[in-house]
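# Examining the three-dimensional arrangement
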Amino acid sequence: MTLTEKNAIDHRLAEIKARLSERYEMLDINGESFFRTNSGTFFRVYAFPGEMALVIEYADSESDAKLHRLEDGDRFYLEDLSLDDMFKQMVSEIEGA
């Protein structure tokens, strides 16, 4: 992965996290940023290693999040989705989870 690709992923990740923080409660769990839905699901977004993609990891409870008992959702590829489309698809996945 090139430095340009890494910068693009980091930038998109920051943009997505900013948008999600407007919609969901943001929490610090063991030094990591998690979000909580109204239904109590915990999730975090991160860059999928080695790919130009973001992924959401889900935990059923705060204790599962603390213990890193997380399940991956779908991958969201930067080259396939604009920022707006990626955000919409992520929210659809989150709220359908």
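Look a little higher up for the structure.
Each value, and the rule that gives it
- Note that residues are indexed from 1 along each chain, following the sequence as it is written.
- Whole-chain, interface and lining totals are the exception, using all residues; otherwise, since this is a predicted model, local features are given only for residues with pLDDT of at least 70 and side-chain atom pairs are given and counted only at 80 or more.
- Here the side-chain values reflect all heavy atoms present in the structure, with hydrogen atoms and water set aside.
- A run of H or I in DSSP becomes a helix once it reaches four residues, and a run of E becomes a strand once it reaches two; helices and strands are each numbered from the N terminus.
- Relative accessible area decides the class of each residue, using a 1.4 Å probe on protein chains only: under 20% of the type maximum gives buried, over 50% gives exposed, and in between gives partly exposed.
- At least two DSSP bridges between two strands are needed for those strands to be called paired.
- Within this scheme, the nonpolar core is defined by two criteria: the residues are buried Ala, Val, Leu, Ile, Met, Phe, Trp, Tyr or Cys, and they are joined through side-chain atoms within 4.5 Å.
- Only heavy atoms enter the contact rule, under which two residues are in contact if any of them lie within 4.5 Å.
- Between N-to-C directions, angles cover 0 to 180 degrees, with each direction set by a line fitted to C-alpha atoms, over the stretch in contact for helices.
- An angle counts as roughly parallel when it lies under 35 degrees, as roughly antiparallel when it exceeds 145, as roughly perpendicular when it falls between 65 and 115, and as oblique in every other case.
- Crossing handedness is read from the near helix: turned anticlockwise from the far helix by less than a right angle, it gives a left-handed crossing, and turned clockwise, a right-handed one.
- Charged means Asp, Glu, Lys or Arg here, nonpolar means Ala, Val, Leu, Ile, Met, Phe, Trp, Tyr, Cys or Pro, and polar covers whatever is left, Gly included.

Let's shift gears to the environment of A18. Relative to the elements of secondary structure, A18 occurs in helix α1 (residues 3–23). Look at A18 and you get partly exposed, because its relative accessible area is 39%. Along the primary structure A18 and V55 are separated by 37 residues, whereas in three dimensions their C-alpha atoms are 15 Å apart.

In this structure, strand β1 (residues 25–29) lies alongside strand β2 (residues 32–36), joined through five bridges in antiparallel fashion. From the neighbouring strand, I29 faces β2, where its bridge partner is E32. Linking β1 to β2, which pair antiparallel, is a turn of two residues; within it N30 sits at a positive phi near 55 degrees.

Okay, the nonpolar core next. By size, the foremost hydrophobic cluster in this structure holds 21 residues, and its most contacted members are I16, L20, F43, V45 and L54. Taken together, the elements giving at least two residues each to this core come down to α1, β3 (42–47), β4 (53–59) and α3 (83–96). In terms of residue count, α3 provides more of this core than any other element does, six residues in total. Excluding anything up to four places from it in sequence, V45 contacts L13, I16, K17, L20, L54, V55, I56 and M90. Judged by nonpolar contacts, the second largest core, of seven residues, contains L27, F34, A59 and A65.

Moving on to the packing of α1 against α3. Packing of α1 against α3 brings their axes to within 11 Å, and their N-to-C directions diverge by 50 degrees. In terms of orientation, α1 lies oblique with respect to α3. Here the hand of the crossing between α1 and α3 comes out right-handed. Across from R12, E15, I16, R19, L20 and R23 in α1, the residues of α3 making contact are L83, D84, M86, F87, M90, V91, I94 and E95. Classifying every residue of the contact of α1 with α3 by side-chain character gives eight nonpolar, no polar and six charged.

Time to look at the side chain of T37. Note that T37 resides in the loop between β2 and β3. Those residues in contact with T37 that sit more than four places away from it in its chain are Y24, F43 and I94.

Turning our eyes to something else, we now look at the sheet that holds strand β5 (residues 71–77). The strands making up a sheet associate through hydrogen bonds between their backbones, and the pairing can be parallel or antiparallel. Pairing within the open sheet is antiparallel, and its five strands lie in the order β1-β2-β3-β4-β5. Either end of the sheet is taken by a strand with one partner, and the two such strands are β1 and β5. The mean angle between the axes of side-by-side strands here comes to 30 degrees, regardless of whether they run parallel or antiparallel. Note that β3 and β4 share six bridges and pair antiparallel. Bridge pairing in β4 links R44 to E57. In the packing of α1 onto the sheet, contacts are made with β1, β2, β3 and β4, and the angle to β3 comes to roughly 160 degrees.

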